[in-house]
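# An overview of the molecular structure
What follows is the residue order along each chain.
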Amino acid sequence: MNNPRSNTNTNIGFRPALVPEVRQKSAVHGWRNGAKGAKGSAFLPAAGNVSSPRASSRFFRTRRGDTRLKMPKRVRNAWNRFVEWDNLVVAAKAASQGRRFHRAVLEFNFNLSANLSRLQEELESGKWRPGPYRELWVYEPKKRLVHAPDYRDRVVHHALVQTVGQRFESRFIGNSYACRVGRGTHAASACLSRMLRSARDMWSPVYVLKADISKYFYSINHEVLLGILERIVGDRRIFGIFKLLVEESPLKASGVGLPLGALTSQLMANAYLDVLDHYVKDELGVRHYVRYMDDFIILKQSKTELWSILDSIRDLLDSRLKLKLNGKTGVFPASHGVDFAGYRHWADFTLPRKRNVQRAKRRFKGLSRVYARGDISLDKVRSSAASFIGYMAHCKGRRSAESALEKLVLVKGEQI
């Protein structure tokens, strides 16, 4: 970085030395003189913009420990990787996980090579179109209509995510936890607990802005989404597949909404709210921020500051993303506890959601009745109990767990 401008390293891809008078743009504080930055680097962001584990995926650590600005690359020249045979085979295997004995999966895999060859030919010729989605209602954690693509289309969804997913990931901030490999509700919960402890050590009292998007998946604007995707995906044929998935979705008539149940919908939904993430982190300079899909939390010392941040977020959502916040959005003291990612959080401990424990009690009562009639196997009961025990293992709730498990009575005398 400090080599003379005449150094021949500039001819083999290295950036020449920066003139100290050049003014660089800070992510938070606007334009500032590069010579006045920490450690003399014009690329260092303001200290308040770097949070744990990292403020933004745009910043990376060099060997010297400096944090420098690195812009993620667009997806380019990815089509051949997308349609190559090995990628489709791996996608078919991933799409069949947990569904190997479903009729559609068995029929497709019975003649896998021929079916994949036909699919590959359709993709390469541009004849592939998404098929009809299957509609079903789910009731946990709340009643929602899910549109599930057929197995053949799921192979395409998996192949697409395998090809471009990492490039999307490089743009996402570290504190976004939904629908990402190696993350999830438990990681999001742990992140919020760390944030609460960090904020408590700095401020007293600590206030919380808790917000979520109203009917998020069904409110995503197709035109805005395609504009975001076009800035990420530079390969026109790959972008064409994304465009098909958006414009040929079951919600195409309204021009808004993504189908719940599609793998690519999760990726696109994260990319959509990545605009909000970088606005909060890079423009507003918020350090304590975490998001799990459409739910997000901000911690600050001042209620007034949080209400001001909320007004700015509302303006962004309304003007750029065409979204509305849920009416439950509000500001309150952290001492009241923060309901997020399936748990209730305080700085020193975490408790289960009361409704989750009540739901488990009802489920165990029902399993007891079904097991008594012989309509369910012991393995299914074990699986349900293990799932609940795994949930409770991440919080402080031994008595709640015991009271729920007491509802599970196996009348045949067998034990879990």
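Parameters at a glance
- Residues numbered from 1 in each chain as written.
- Predicted model: local features only at pLDDT ≥ 70, side-chain atom pairs only at ≥ 80, totals over all residues.
- Heavy atoms only, no water.
- Helix = DSSP H or I, 4+ residues; strand = E, 2+ residues; numbered from the N terminus.
- Buried < 20%, exposed > 50% of the residue type's maximum accessible area, 1.4 Å probe, protein only.
- Contact = heavy atoms within 4.5 Å.
- Core = buried A, V, L, I, M, F, W, Y, C linked by side-chain atoms within 4.5 Å.
- Phe/Tyr/Trp six-rings, centres within 6.5 Å; stacked < 30°, edge-to-face > 60°.
- Lys NZ or Arg CZ within 6 Å of the ring centre and 35° of its normal.
- Axes fitted to C-alpha atoms, helices over the stretch in contact; angles between N-to-C directions.
- Parallel < 35°, antiparallel > 145°, perpendicular 65-115°, else oblique.
- Left-handed = near helix turned anticlockwise from the far one by under 90°.
- Nonpolar A, V, L, I, M, F, W, Y, C, P; charged D, E, K, R; others polar.
- Salt bridge = Lys/Arg side-chain N within 4 Å of Asp/Glu carboxyl O.
- Pairing = 2+ DSSP bridges.

## Side note on the overall build of the protein
The helix and strand inventory of the protein stands at 13 helices and 13 strands. Taking all 416 residues of the protein together, the buried fraction comes to 47%. Once local pairs closer than 6 in sequence are excluded, the contacts in the protein between residues at least 24 apart make up 68%.

## Some points on the nonpolar core
Core analysis: the largest hydrophobic core is formed by 74 residues, its most contacted members being Phe 82, Leu 123, Phe 168, Tyr 216 and Phe 242. Of all the elements, helix α9 (residues 263-283) adds the most residues to this core, at 10 residues. With sequence-adjacent residues up to four places away left out, Tyr 216 is seen in contact with Ala 269, Tyr 272, Leu 273, Met 293, Asp 294 and Leu 323. Within the second largest apolar cluster, 19 residues are counted, among which are Cys 191, Met 195, Val 206 and Ala 341.

## Looking at the packing of aromatic side chains
According to the stated counting rule, one finds 9 aromatic pairs in the structure shown. Centre to centre, the rings of Tyr 289 and Phe 296 are 6.1 Å apart; their planes meet at 45°, and the pair counts as tilted. Connected via pairs of aromatic rings, a cluster forms that spans Tyr 216, Phe 217 and Tyr 272. For Arg 183, the ring lying beneath its charged end belongs to Tyr 177, and the centroid distance is 5.0 Å. Directly above the aromatic system of Phe 364 lies the positively charged group of Arg 363, at a separation of 5.5 Å from the ring centroid.

## A look at the packing of helix α11 (residues 354-373) against helix α13 (residues 398-405)
The description of two packed helices rests on the angle between their axes and on the distance between the axes. Contact geometry of α11 with α13 gives a least axis separation of 8 Å together with a crossing angle of 25°. Between α11 and α13, the angle is such that the two are roughly parallel. Crossing of α11 over α13 shows right-handed handedness. Across the interface between the two elements, Val 357, Ala 360, Lys 361 and Phe 364 from α11 touch Ser 400, Ser 403, Ala 404 and Leu 405 from α13. A per-class count over the contact of α11 with α13 returns 5 nonpolar, 2 polar and 1 charged.

## Structural notes on the side chain of Ser 384
The topology assignment puts Ser 384 in helix α12 (residues 378-392). Apart from the residues lying within four places of it in its own chain, the contact partners of Ser 384 are Arg 363, Phe 364 and Leu 367.

## A closer look at the pattern of salt bridges
With the rule as written, the count across this model stands at 15 salt bridges. Through salt bridges with shared partners, one network takes in Arg 200, Asp 201 and Asp 348.

## Examining the sheet that holds strand β13 (residues 350-352)
Spatial ordering of the open sheet is given by β11-β12-β13, a layout of 3 strands whose pairing is antiparallel. What marks the edges here is a single partner per strand, and that holds for β11 (338-340) and β13. Put simply, the sheet's adjacent strands are angled 30° from each other on average, direction ignored. As defined by bridge partners, β11 adjoins strand β12 (residues 343-345) across 3 bridges and the pair is classed as antiparallel. Pairing of Asp 339 across the sheet is with Arg 344, part of β12.

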